[in-house]
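Notes for the structure review
Letter by letter, the chains look like this.
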Amino acid sequence: MTATRNSARFGIGENAPRAAKIAALSLGVALFASACGGNPTPEEEGGASSAPAASGLTCPESQGGAAPEPGEKGDPGAVPEAETTSDTPLVLGSLLPTTGALAFLGPPEIAGVNLAVQEINEAGGVLGQDIEIIHRDSGDTTTDIATQSVTDLLSQDVSAIIGAASSGVSQTVINQITGAGVVQMSPANTSPDFTDWDDNGLYWRTAPSDVLQGRVLGNYIMACGAQTVGMIVLNDAYGTGLQASIKEAVESAGGQIVAEELFNEGDSQFSSQVDALVAAEPDAYVVISFDQANSIVPLMTGQGVDPGSMFFVDGNTADYSEDLDPGTLEGAQGTQPGSFAGDEFKDALAEIDDSLNVWNYAGESYDAVNLIALAADAAGSTDGAAIAAELEAVSKEGTECFDYAGCITLQREGEDIDYQGISGPITFDENGDPTEAFIGIYEFDENNTPQPYRSEAGQL
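Described below are features of the structure shown in this document. (Residues numbered from 1 in each chain as written. Predicted model: local features only at pLDDT ≥ 70, side-chain atom pairs only at ≥ 80, totals over all residues. Heavy atoms only, no water.)

1. What to know about helix α5 (residues 167-179)
For clarity, the threshold we go by: Only DSSP runs of H or I covering at least 4 residues are called helices, and only runs of E covering at least 2 are called strands; the numbering of each starts at the N terminus. In this analysis, the expected span of each helix is defined as 1.5 Å times one less than the number of residues it contains. Fitting one axis to the seven residues ending at a residue and another to the seven starting there, the bend at that residue is the angle between the two axes. The classification of residues rests on relative accessible area computed with a 1.4 Å probe and restricted to protein chains. Under 20% of the type maximum is buried, over 50% is exposed, and intermediate values are partly exposed. Any two residues whose heavy atoms approach within 4.5 Å at even a single point are treated as in contact.
With 13 residues, α5 should reach 18 Å at 1.5 Å per residue; the first-to-last C-alpha distance of 18 Å fits that figure. The principal kink in α5, of about 50°, is found at V173. Those residues of α5 not exposed but buried are S167, G168, V169, S170, V173, I174, I177 and T178. Along its buried surface, α5 packs onto β3 (91-96), α4 (145-155), β5 (160-163), β6 (183-186), β7 (203-205) and α7 (237-252). Just past α5, the residue G181 takes up positive phi, approximately 80°.

2. Thoughts on the layout of surface pockets
Spelled out, the test is: Here a cavity denotes a set of grid points, spaced 1 Å apart and computed over the protein atoms alone, in which a 1.4 Å probe fits but from which it cannot get out, and a pocket denotes an open set meeting protein on both sides within 12 Å along at least five of seven lines; residues with an atom within 4 Å of a point are reported as lining. Grid points are joined across faces, edges and corners, and a volume is the space filled by probe spheres set on the points. Charged residues are taken to be Asp, Glu, Lys and Arg, nonpolar residues to be Ala, Val, Leu, Ile, Met, Phe, Trp, Tyr, Cys and Pro, and polar residues to be all remaining types, Gly included.
If you add up the space inside the largest pocket, you get close to 830 Å³. Around the largest pocket, the lining comprises 44 residues; the ones closest to its centre are S339, F340, A341, G342 and K346. Elements with a minimum of two residues in the lining of the largest pocket: α3 (106-122), β12 (333-337), α10 (343-352), α11 (362-379) and β16 (450-459). When the residues that make up the lining of the largest pocket are grouped by side-chain class, the tally is 21 nonpolar, 15 polar and eight charged.

3. Focus: the pattern of salt bridges
Between side chains of opposite charge, a pair can form as their charged atoms come close. Counted only if it meets this: We define a salt bridge as a contact between a side-chain nitrogen of Lys or Arg and a carboxyl oxygen of Asp or Glu at a distance within 4 Å.
If you walk through the whole model with that rule in mind, you get seven salt bridges. The residue D377 makes a salt bridge to R412 at a minimum N-O spacing of 2.9 Å. Taken together, the residues D377 in helix α11 and R412 in helix α13 (residues 404-412) connect sequence positions 35 residues apart. Relative accessible area serves as the criterion here: at 16%, R412 is assigned to the buried category.

4. Digging into the sheet that holds strand β8 (residues 228-234)
Going by this rule: Paired strands, in this sense, are two strands between which DSSP finds at least two bridges. Orientation is described by lines fitted to C-alpha atoms, with helices fitted over the stretch in contact, and by angles between N-to-C directions that extend from 0 to 180 degrees.
What the seven strands build is an open sheet, ordered β9-β8-β10-β11-β12-β15-β16; its pairing is mixed. This sheet does not close on itself; its edge strands, each paired only once, are β9 (256-263) and β16. Neighbour-to-neighbour, the strand axes of the sheet open up by a mean angle of 20°, direction not taken into account. Of the pairings in the sheet, the one linking strand β11 (residues 310-312) to β12 comprises two bridges and is parallel in character. In the strand pairing of β12, F311 is matched with Q333. On the sheet, α7 packs against β8, β9 and β10 (284-288) and is oriented at approximately 170° with respect to β8.

5. A closer look at unusual backbone geometry
The omega torsion across G163 and A164 is -5°, close enough to zero to call that bond cis. When you line up the elements, A164 lands in the loop between β5 and α5. Phi at D157 is positive, roughly 60°, even though this residue is not glycine. With respect to the helices, strands and loops of the structure, D157 is situated in the loop between α4 and β5. For E397, which is not glycine, the phi torsion reads 50° and is therefore positive. Among the structural elements, E397 can be located in the loop between α12 (384-394) and β13 (399-401). Note on E397: relative accessible area 34%, which makes it partly exposed.

6. Re the sheet that holds strand β4 (residues 132-137)
Judged by pairing direction, the sheet is parallel, and its five strands sit side by side in the order β4-β3-β5-β6-β7 without closing on themselves. Looking at the sheet topology across the chains shown, the edges are occupied by β4 and β7. Strand-to-strand twist in this sheet, taken as the mean axis angle between neighbours without regard to direction, amounts to 20°. Note that β3 and β5 share four bridges and pair parallel. Counterpart to L92 in the pairing with β5 is A160. Packed on one face of the sheet, α11 meets β3, β5 and β6 and runs near 165° to β5.

So yeah, pure geometry; function would need other evidence.
Dropping the structure here:
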């Protein structure tokens, strides 16, 4: 992709400037380094004590899970009219999971898309027209649903497609989408493979590469006091990408990977992998999966693995209150790219879908729609290539703004804008990757529901 800017700014809102986020990252690095030489006492830390796990691991203390302060929103009624108008509306498609292994991610992602569309149209739309959204299911890699959905969306002349959630699914359709001259922007793809994909500059994502998530999780596990780590891994682009990044972080911090057990999408039996994993007796167990965790976790706990030694990733850090016996996962932890969802954003999403009880990637989905809309306005066009040419510019090095109404007002007044997302600062590079992001760490409660625990800021 061709870069249109060369520098970046960091910050989610007026209360979270770049310096504060870099300081947060430095604190995390210092925390990980200290853990390798023994955890400091509460008195040395000057704060609350860490939470000991029954497994013998002692992880860094909770930060309370507070969401960043939201930035100031614009006034939809005060948005200047578009100087350039279009005879046809900007039509977007979504390719998000309503069936398959990642179906639990569909509702928050779809709600995030719909909230952004609603707000954009309340602010006058794009190029003088309300934007339109067409939703289609992505399924998972065991089906051909995604290919069928993309074919349908392309037949309806969409300019951009939001999705897929699964990296493996996106790999099956990325050439079909970008080859048609259409922008693909995923709110949840994290495989490092997409960074260098030959996509004609049309593939983008609002979730950071798993290079960052894996680094944070690997370092965090070491900060908890583990010296040996075992992993059970989904054998696809998502799973093996995370596996490699976690392994690098653990080994760089002086730890050892003692087991790496693979399984394939569509497998229903995991006994042999769990037997080998438990036999290795690691200090920490990493489960890299989607909904296969429903089957894997009982096998692990049945062999005496303490949940306090279990670590999960974004594909399976989910609400298991209806799937597992109470307390099964209490004390386990997992990572999720993006900042914690704030009450204001949750309330807005509830107006779209009042049944939501998870918010995974809702912010990234919301941000994806806003960025595409802002880029289309900047380009004065609904053409996919024209939109893609402006995406990096609207994400960096300008006047910070925090929603469509605020950003489009500045843009139509001649300002250079820097969209600061609900999910984080975004700041695209020339490959379509976010270069700055938050990774949230969640701890499972007695109801097997992940609760915000602490957040790490990082750069790629």
